[in-house]
Amino acid sequence: MQILRCENVCKRFGGNIALDDLSVRFPPSGIVAIIGPNGAGKTTLLNVLTGFVEPDSGDCLFGESAITRMPAHKIARLGIVRTFQELRIVRQESVLENIMLRFPRQRGEKFFGALLRFGVAAEESRNKGEAMRILSSVELEHKANDPSGELSYGEEKLLSLASCLAADARLNFFDEPIAGVHVAVRKQIVKLFKGMKNEGKLVIFIEHDIAFVREIAESLIVMDNGRIVAHGTPSEILNRRDILEAYIG
Amino acid sequence: MEYIALILVLICIYCILSLSLDLLVGHLGLLSMAQAGIAGIGSYCTGIIAIEQGFPFLLTVPLVAGATSALSVLVSIPTLRLHDDYYAIGTFGCQVILFSIFNNWIAITNGPLGLPNIPHPRILAWMVDTTSEYLILTSSILAICCLLVHLITNSPLGRVLHAIREDEVLAKSMGHNVVSIKVGIAALSAALAAMAGSLYAHFVTFVHPSNFSVTESILVLSMVILGGAASIRGPIIGASVLIVLPEILRSVGIPSSIAANVREIVYGIALVMMMAWRPHGLVGRYSFR
Ligand SMILES: Nc1ncnc2c1ncn2[C@@H]1O[C@H](COP(=O)(O)OP(=O)(O)OP(=O)(O)O)[C@@H](O)[C@H]1O
Ligand SMILES: [Mg+2]
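Residues numbered from 1 in each chain as written. Chains lettered and ligands numbered in written order. Predicted model: local features only at pLDDT ≥ 70, side-chain atom pairs only at ≥ 80, totals over all residues. Heavy atoms only, no water.

(A) Molecular detail of the interface of chain A and chain B. Listed per partner, the contact involves 27 residues of chain A and 26 residues of chain B. A buried area of about 2500 Å², summed over both sides, lies between chain A and chain B, and 61% of it is on carbon and sulfur atoms. At the junction of chain A with chain B, the criterion picks out three salt bridges. Between B:R159 and A:E97 there is a salt bridge, with the nearest N and O atoms lying 3.8 Å from each other. Linking chain A to chain B there are 10 residue pairs in polar contact (both at pLDDT 80 or more). Those elements giving two or more residues to the side of chain A that touches chain B turn out to be α2 (72-77), α3 (95-100), α4 (111-116) and α5 (120-137) of chain A. Class assignment for the residues of the side of chain A that touches chain B results in 12 nonpolar, four polar and 11 charged. (Contact = heavy atoms within 4.5 Å. Buried area = accessible area lost by both parts, 1.4 Å probe. Salt bridge = Lys/Arg side-chain N within 4 Å of Asp/Glu carboxyl O. Polar contact = N/O pair within 3.5 Å; in protein donor to acceptor, adjacent residues only side chain to side chain. Helix = DSSP H or I, 4+ residues; strand = E, 2+ residues; numbered from the N terminus. Nonpolar A, V, L, I, M, F, W, Y, C, P; charged D, E, K, R; others polar.)

(B) Focus on the coordination of the magnesium ion (ligand 2). Residues and elements named next belong to chain A. Within the protein, the atoms that donate to the magnesium ion (ligand 2) are T43 (OG1) and Q85 (OE1), at distances of 1.9 to 2.2 Å. With T43 in helix α1 (residues 42-49) and Q85 in the loop between β6 (80-82) and α3, this pair connects stretches of sequence that are 42 residues apart. Classification of T43 by relative accessible area gives partly exposed; the value is 24%. When its relative accessible area of 35% is taken as the criterion, Q85 is described as partly exposed. (Donors = N, O, S within 2.8 Å, 3.2 Å for Na, K, Ca; no water. Buried < 20%, exposed > 50% of the residue type's maximum accessible area, 1.4 Å probe, protein only.)

(C) Just the side chain of A:S219, in detail. Looking at the secondary structure, you find A:S219 in strand β9 (residues 219-224). Those residues in contact with A:S219 that lie beyond four places of it in its chain are A:I31, A:V32, A:A33, A:H231, A:G232 and A:P234.

(D) Representation of the layout of surface pockets within the structure. Taken as a whole, the largest pocket spans an internal volume of roughly 640 Å³. Forming the boundary of the largest pocket are 28 residues, of which A:R77, A:E109, A:K110, B:G175 and B:H176 lie nearest the centre. For the lining of the largest pocket, the secondary structure elements donating two or more residues are α2 of chain A together with α7 (156-166) and α9 (178-204) of chain B. Looking at the lining of the largest pocket, the element that brings in the most residues is α9(B), giving four residues. Residue classes in the lining of the largest pocket are distributed as 14 nonpolar, eight polar and six charged. (1 Å grid on protein atoms, 1.4 Å probe; cavity = no way out; pocket = protein on both sides within 12 Å on 5 of 7 lines; lining within 4 Å. Points joined across faces, edges and corners; volume = space filled by probe spheres on them.)

(E) Quick look at unusual backbone geometry. Residue and element names in this part refer to chain A. Located in the positive-phi region is N8, a residue other than glycine, with phi close to 50°. Mapping N8 onto the fold places it in strand β1 (residues 4-13). Judged by its relative accessible area of 41%, N8 is partly exposed. One non-glycine residue, R105, lies in the positive phi region at around 50°. By secondary structure assignment, the location of R105 is in the loop between α3 and α4. Judged by its relative accessible area of 72%, R105 is exposed.

(F) Molecular detail of the nonpolar core. Membership of the largest hydrophobic core comes to 89 residues, with the highest contact counts inside it found for B:Y14, B:L137, B:I141, B:I185 and B:L199. In this view, B:I141 contacts B:I16, B:F57, B:M195 and B:L199; residues no more than four positions away in its chain are not counted. (Core = buried A, V, L, I, M, F, W, Y, C linked by side-chain atoms within 4.5 Å.)

(G) Seen up close, the sheet that holds β6(A). All names here are of chain A. Judged by pairing direction, the sheet is mixed, and its six strands sit side by side in the order β6-β7-β8-β3-β9-β10 without closing on themselves. Each end of this open sheet is capped by a strand with a single partner; those strands are β6 and β10 (227-232). Taken over all neighbouring pairs, the strand axes of this sheet differ in orientation by 20° on average, direction set aside. This element, helix α7 (residues 183-198), spans β3 (30-35), β7 (171-175) and β8 (202-206) of the sheet and lies at about 130° to β3. (Pairing = 2+ DSSP bridges. Axes fitted to C-alpha atoms, helices over the stretch in contact; angles between N-to-C directions.)

Everything listed here is a matter of coordinates, which is why it stays silent on function.
Structure, rendered in structure tokens:
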């Protein structure tokens, strides 16, 4: 099992310390939540682990491979996918295409694959079937051919999360997956995360909604000022007075 | 008849050029202002090779297309790191540099005197001399280019290009090497543009720096935007309209010295109106707004 970990990671933006000598080791599978006040450095940690921000010092490792200064697309190819705090989908393409984009190692995405088309049609129809299955698992199949820019906010969010299923990655990072969504969509997201866990994947999410964290997380990391201030099971941490008073209120 | 064939040849050449630009503008969202300059490299290389070496067409064209796309890779490595408006400005700079090379490197390009006496192409035993023969040649090359662009853009690769156009960060998070894909498409685009330039040089038998100026780059960009970016029909319709338009102006009796200005005014207005009311062009799918 490849374990994701980082050691003594520091990152500053100007005089602002976003990550302060942070070390963490994630379990091989399960659901991990990261909480903490605004500006605690949660998103920055995720960005460092996925190659979108280069740390000033420290190391990140995925199994035996050092991913510290690896370009983001190479990290993604190792099977580490993510969503963004600011919602990102390809709005001018259909809902279905947004899922289709995610299947890894497509022949038709190579230059000569696109030109010569060997096996591309078969690959496309296989992926399309799989994409429709993913869409129906989150009840978006009736919108498959709509431009994804016409979805509601909750549906867009659901689409961005569900598209990670197509990537079939070992590691899935979600930055504030349920911020701003309705209870119905929230239920879908709970189902989606549990499904990923049952397939033996690791889900790591950042969230401010403590009820959601309680409901679904198996492990909890509390961050503040670029450091990890607590790491344990949610029941243990969310009953600690000092944590409750300082970070949750 | 001869006249109509001549216009059709020009339309075919500009179709190839605007299709090549649409790969960047429509499919990758890169507003390049250097396409005429790149076609110019193709034209000058063709002229020089054809005059001095007398190579046959089937050898010249791949040679020129290959050389131009290699050169464009060198140029695109710095410019492709720029985004949006900065990319437009960066390529504008390249266009200005290319133009001054054409105009001032007299030993190679003959400067403002232009490069005369470029021979008509010879394909195996076929001497392509008459305009209608040339029309057969250019339209078949155009058909090949359309097929090529169609295969690339209506494929999973095309989907990736559109994802990059809309959100590079997202495309990276999907595992796509955005820089190398852009460089690859820029190289293909340059090869097609060079082919258009090559056909132009052989057809007109004379190349001059003013054929590859900033205005010309803007004309090609207008063809793409007017017709509709990110489609095959779009650039073809745009190129046809903007080539035929000045001919119509001339035929209604406006002298060509004025027609040139009227033409620019007309397509300036057309562009502004497109941007305001039909940002996806006449038949295109991709909206610039
Ligand atoms: N690209 C950047 N440039 C400058 N400063 C940044 C950048 N990204 C983050 N920061 C700073 O680093 C600190 C940590 O930011 P980060 O986005 O990681 O916080 P967060 O825990 O995700 O907060 P939130 O809950 O509000 O999303 C903040 O002070 C922020 O202003
Ligand atoms: Mg954040």
